[in-house]
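Chain by chain, the residues:
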Amino acid sequence: MDNFSEKSRARLDTLTRLIQSSLDGYMNEQTEKADKQKKVAEAMAYSLSAGGKRIRPLLVLEFCRVCGGDVNSAVSAACALEMIHTFSLIHDDLPCMDNDDYRRGKPSCHKAYGESEALLAGDALLNLAYGIISRDERISPETAIKLIANLTEAVGVFGMIGGQVIDTDYDGDMDEKLLLEMYSMKTGALLKTACQMGCIAAGAEEAKLEYAAVYAEKLGLAFQIIDDILDITGDEKLLGKPVGSDKECGKVTYASLKGVEAAREAARRLTDEAMDALSHFEDTEFLKELTMFLLKREY
Ligand code: GRG
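Below or above, wherever it landed, is the structure these notes cover.

Conventions adopted
Residues numbered from 1 in each chain as written. Predicted model: local features only at pLDDT ≥ 70, side-chain atom pairs only at ≥ 80, totals over all residues. Heavy atoms only, no water. Salt bridge = Lys/Arg side-chain N within 4 Å of Asp/Glu carboxyl O. Buried < 20%, exposed > 50% of the residue type's maximum accessible area, 1.4 Å probe, protein only. 1 Å grid on protein atoms, 1.4 Å probe; cavity = no way out; pocket = protein on both sides within 12 Å on 5 of 7 lines; lining within 4 Å. Points joined across faces, edges and corners; volume = space filled by probe spheres on them. Helix = DSSP H or I, 4+ residues; strand = E, 2+ residues; numbered from the N terminus. Nonpolar A, V, L, I, M, F, W, Y, C, P; charged D, E, K, R; others polar. Core = buried A, V, L, I, M, F, W, Y, C linked by side-chain atoms within 4.5 Å. Contact = heavy atoms within 4.5 Å. Phe/Tyr/Trp six-rings, centres within 6.5 Å; stacked < 30°, edge-to-face > 60°. Near = heavy atom within 4 Å. Polar contact = N/O pair within 3.5 Å; in protein donor to acceptor, adjacent residues only side chain to side chain. Areas by Shrake-Rupley, 256 points an atom, 1.4 Å probe, with all protein chains shown as cover.

This paragraph deals with the pattern of salt bridges. All chains considered together, the criterion is met by 21 salt bridges. Put simply, Lys-36 and Asp-35 hold a salt bridge, and the shortest N to O gap is 3.7 Å. For the pair shown, Lys-36 and Asp-35 are each scored as exposed. Overlapping salt bridges bring together Arg-11, Glu-62, Arg-65 and Asp-283 as one network.

What follows is the structure, encoded as structure tokens:
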């Protein structure tokens, strides 16, 4: 994250520490309570603590702050989203999905713990996510319900899971329109709920949620296009997983459809549009630098 100013780097460190210590706290509760379920609790903690950029929880906390909220009121939503993101990665790596052996630089969950344990660890993380928001005493019951409703829609059949359905069922006859629809759902939906949950936790007005959605829609497409490019041109050591898996699986991606240079240009344009949407918020220096980092990322 070299492009960050000193001020933003300090902010990144503070937020990352808050996210990590909160995730550790939630996971310790699980491992301490577990008896016969120790292995599944360990598998959950293994994948959750395996690294990862923590982009989604960072967005939750930052959107809360730029809407004038106290970041502590967004911590459970931020951690819930990272749990759900991790669940999606665990399940996506399973032999019945992408069958990937490495994730975040370590053996994927099913390689380390076995398939059934990985399946259950993913299920349990998904379930825990809703639990930690519903029992968070720092937020009102009304806010908790709004957060959970927003998150549920993002994860469901018309959000991330729906995007995965398109990915698995329609790969043979994928065109640009369907591909972008799939990206919006599979990748964009969780980024959208990240930004919107931050606004909700801050008690922001509806218009802010709409602007947050515009930012996230552009960011989500750019993020996925960069992911496609990295699967072609990336460094396996930095990525923590093998490159070339899209081609090996015969997957159509934006980069394979348009070529790497055109894909890079599209990601740049989408990033500019995302930046424009931030003009509706105050004090967005950190968010802008984070957005630029995502365009230039190598992992
Ligand atoms: C199996 C229910 C189910 C859903 C799978 C989201 C998804 C759908 C699969 C995950 C794999 C994938 C390629 C998702 C697209 C989004 C994406 C690029 C994820 C990687 O996110 P990063 O780069 O990962 O934020 P880290 O490891 O940094 O957290």
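Within the structure shown, the criterion is met by 2 cavities of 30 Å³ or more. Surrounding the largest cavity, 13 residues form its lining, Ser-47, Ile-90, Arg-103, Arg-104 and Cys-109 being those nearest its centre. When residues of the lining of the largest cavity are traced back to their parent elements, those giving at least two are helix H2 (38–48), helix H4 (75–93) and strand S2 (106–107). Of all the elements, H4 adds the most residues to the lining of the largest cavity, at 4 residues. Taken together, the residues of the lining of the largest cavity sort by class into 6 nonpolar, 3 polar and 4 charged. Of the pockets and cavities examined, the second largest cavity occupies roughly 40 Å³. At the level of secondary structure, the elements contributing two or more residues to the lining of the second largest cavity comprise helix H10 (206–233) and helix H15 (285–296). Broken down by element, the residue count for the lining of the second largest cavity peaks at 4 residues, all from H10. Looking at the lining of the second largest cavity residue by residue, the class counts come to 6 nonpolar, 2 polar and no charged.

Summarising the element assignment, Lys-237 is placed in helix H11 (residues 236–239). Expressed as a C-alpha distance, the spacing of Lys-237 and Ile-132, which sit 105 residues apart in the sequence, is 34 Å.

Estimated volume of the second largest pocket: approximately 260 Å³. Lining the second largest pocket are 14 residues, with Glu-153, Ala-154, Phe-158, Ala-189 and Lys-192 positioned closest to its centre. Sort the elements by how many residues they give to the lining of the second largest pocket and helix H9 (residues 176–201) lands first, with 7 residues. Class assignment for the residues of the lining of the second largest pocket results in 5 nonpolar, 6 polar and 3 charged.

Glancing now at the nonpolar core. Ranked by internal contacts, the top residues of the largest apolar core, which has 73 residues, are Leu-59, Phe-63, Met-83 and Tyr-215. Element by element, the count of residues in this core is highest for H4, at 10 residues. Residues contacting Leu-59, with those up to four places away along its chain left out, are Leu-191, Ala-194, Cys-195, Tyr-215, Leu-219, Leu-287 and Leu-290. Among the nonpolar cores identified, the runner-up in size contains 21 residues, and Met-174, Leu-179, Leu-221 and Leu-230 belong to it.

This paragraph deals with the packing of aromatic side chains. Evaluated as defined, the whole model comprises 6 aromatic pairs. Taken together, a centroid distance of 5.4 Å and an interplanar angle of 45° make the contact between Phe-63 and Tyr-215 tilted. Taken together, the residues Phe-63 in helix H3 (residues 55–66) and Tyr-215 in helix H10 connect sequence positions 152 residues apart. Relative accessible area serves as the criterion here: at 0%, Phe-63 is assigned to the buried category. Here Tyr-215 falls in the buried class, since its relative accessible area comes to 0%.

Attention now goes to the site of the ligand. Lys-53, Arg-56, His-85, Asp-92 and Arg-104 are the nearest of the 19 residues found near the ligand. Taking Lys-53, its side chain carries an N or O atom lying 2.6 Å from an oxygen atom of the ligand. In the environment of the ligand, an oxygen atom lies 2.8 Å from a nitrogen or oxygen atom belonging to the side chain of Arg-56. Considering the ligand on its own, with 710 Å² of exposed area, one finds that the protein chains cover 91% of that surface. Every element with two or more residues in the shell around the ligand is listed here: H4, helix H8 (160–169), H9 and H10. A class-by-class count of the residues in the shell around the ligand yields 5 nonpolar, 7 polar and 7 charged.

All quantities given are derived from atomic positions and should not be read as evidence of function.
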